[in-house]
Amino acid sequence: MVVGFIGSGNMAAAMARGWASAKDDSPSEMLFTDSGSGRATALAKEVGGRAVESNEELVRESDFVILAVKPAALELVAEKLPAPRAVLSLLGATPLEKLVGHFPDSAVIRLMPNLGVEVNRGVVCMAEPEGVDEEILADTRKLLGSIARVHELPDESMDVATAVMGCSPAYFAVVAEALGSEGAHGGLEPDVAIKLVSESLAGTAALLGSRTPFEIQTAVASPGGSTEAGLEALAAAGGADAFRAAFEASIARMRGN
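Only a predicted model underlies this, so the values are computations on that prediction, with no experimental measurement involved.

Each helix and strand in the protein chain was counted, giving 12 helices and eight strands. Taken along the three principal axes of its C-alpha coordinates, the protein chain extends 65 × 35 × 30 Å. When burial is assessed residue by residue, the protein chain has 37% of its 257 residues classed as buried. Relative to all contacts within the protein chain whose residues are 6 or more apart in sequence, the contacts with residues 24 or more apart total 58%. Summing over all exposed atoms, the protein chain offers an accessible surface of approximately 14,200 Å²; the carbon and sulfur share of this is 54%. For the protein chain, the distance from the average site of its 20 positive side-chain charges to the average site of its 35 negative ones is 3 Å.

Have a look at this one:
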């Protein structure tokens, strides 16, 4: 299967890198365009793909077209394209109905991946497709499954999902940066401090598969111990409330508020 990327920004690059390192169900070839930035050529060279001259050429040669442009560019890009066989949209805050309106003769699937796809540990939310051919849908699930866990959701839930899984790697990185910095200030080598934090995050993620967040907190925080003191300091500083505020700000921006 040939996958073409219209747009070669950060998320397109993450998906392409993930597929380049995936063992199974990866594209047979990846094609790239950009708006003149040169990113397509650089990314194609990095992952063993091919930069092409135009979006029209890319559509003609691709089985799946990944739309990875800014939402404001949707109309301008769509009006110049021949009908792709299948469009996989990464456009934030752009509902399925609007996408189908711009690509009425194509199979249209709305996606939201997070940055973990780059290392084959991503999460991809897919809006429940409407009227998409089963063969196209099966191939899409295979492609995405090689770089991520795929969750199919109602279209109206996609913005909330984006605020939870699409934005959260940046929030987790803030936590890692803060703890790693404190570890370095306390005498650890900076790379050791970050490694300790990242491995702890990975272990906690695995634990969340079988324990609730509350269970993990109570298992770590012995009464009167150092973790309890840290949790009390987090609460006093509004730690959990800060993440809630981040979620609300993300949702508000997506909804134009």
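Still more ground to cover, so stick around.
What follows covers the pattern of salt bridges. Tallied over the full model, the rule gives eight salt bridges. Arg110 is the partner of Asp159 in a salt bridge, and the nearest nitrogen-oxygen pair spans 3.2 Å. Of this pair, Asp159 sits in helix H7 (residues 158-166) while Arg110 is found in strand S6 (residues 107-113), placing the two residues 49 residues apart along the sequence. Both residues of the pair, Asp159 and Arg110, belong to the buried class. The residue Glu152 makes a salt bridge to Arg141 at a minimum N-O spacing of 2.7 Å. Remark: Arg141 occurs in helix H6 (residues 134-145) and Glu152 occurs in strand S8 (residues 148-153); sequence separation between them is 11 residues. Taking the relative accessible area as the measure of exposure, Arg141 reaches 34% and is therefore partly exposed.

It is worth spelling out the nonpolar core at this point. Ranked by internal contacts, the top residues of the largest apolar core, which has 32 residues, are Phe5, Met15, Trp19, Phe32, Ile66 and Leu111. When residues of this core are assigned to their parent elements, the largest contribution, six residues, is made by helix H1 (residues 10-21). In this structure Trp19 touches Val3, Phe5, Asp25, Ser26, Pro27, Met30, Ile66, Leu143, Leu144, Ser146 and Ile147, once residues within four positions along its chain are discounted. Counting 19 residues, the second-largest nonpolar core is a separate cluster that includes Val52, Leu74, Ala78 and Phe103.

Turning to the sheet that holds strand S3 (residues 50-51), a few remarks are in order. In spatial order, the strands read S3-S2-S1-S4-S5-S6-S7-S8; together these eight strands make up an open sheet with mixed pairing. Edge positions in the sheet fall to S3 and S8, since each of these pairs with one other strand and no more. Of the strands in this sheet, strand S2 (29-33) and S3 touch helix H2 (residues 39-47), which is tilted by about 165° from S2.

Cut-off values and rules
Residues numbered from 1 in each chain as written. Predicted model: local features only at pLDDT ≥ 70, side-chain atom pairs only at ≥ 80, totals over all residues. Heavy atoms only, no water. Helix = DSSP H or I, 4+ residues; strand = E, 2+ residues; numbered from the N terminus. Buried < 20%, exposed > 50% of the residue type's maximum accessible area, 1.4 Å probe, protein only. Contact = heavy atoms within 4.5 Å. Areas by Shrake-Rupley, 256 points an atom, 1.4 Å probe, with all protein chains shown as cover. Lys, Arg positive; Asp, Glu negative; His and termini not counted. Charge placed at Lys NZ, Arg CZ, Asp CG, Glu CD. Salt bridge = Lys/Arg side-chain N within 4 Å of Asp/Glu carboxyl O. Core = buried A, V, L, I, M, F, W, Y, C linked by side-chain atoms within 4.5 Å. Pairing = 2+ DSSP bridges. Axes fitted to C-alpha atoms, helices over the stretch in contact; angles between N-to-C directions.

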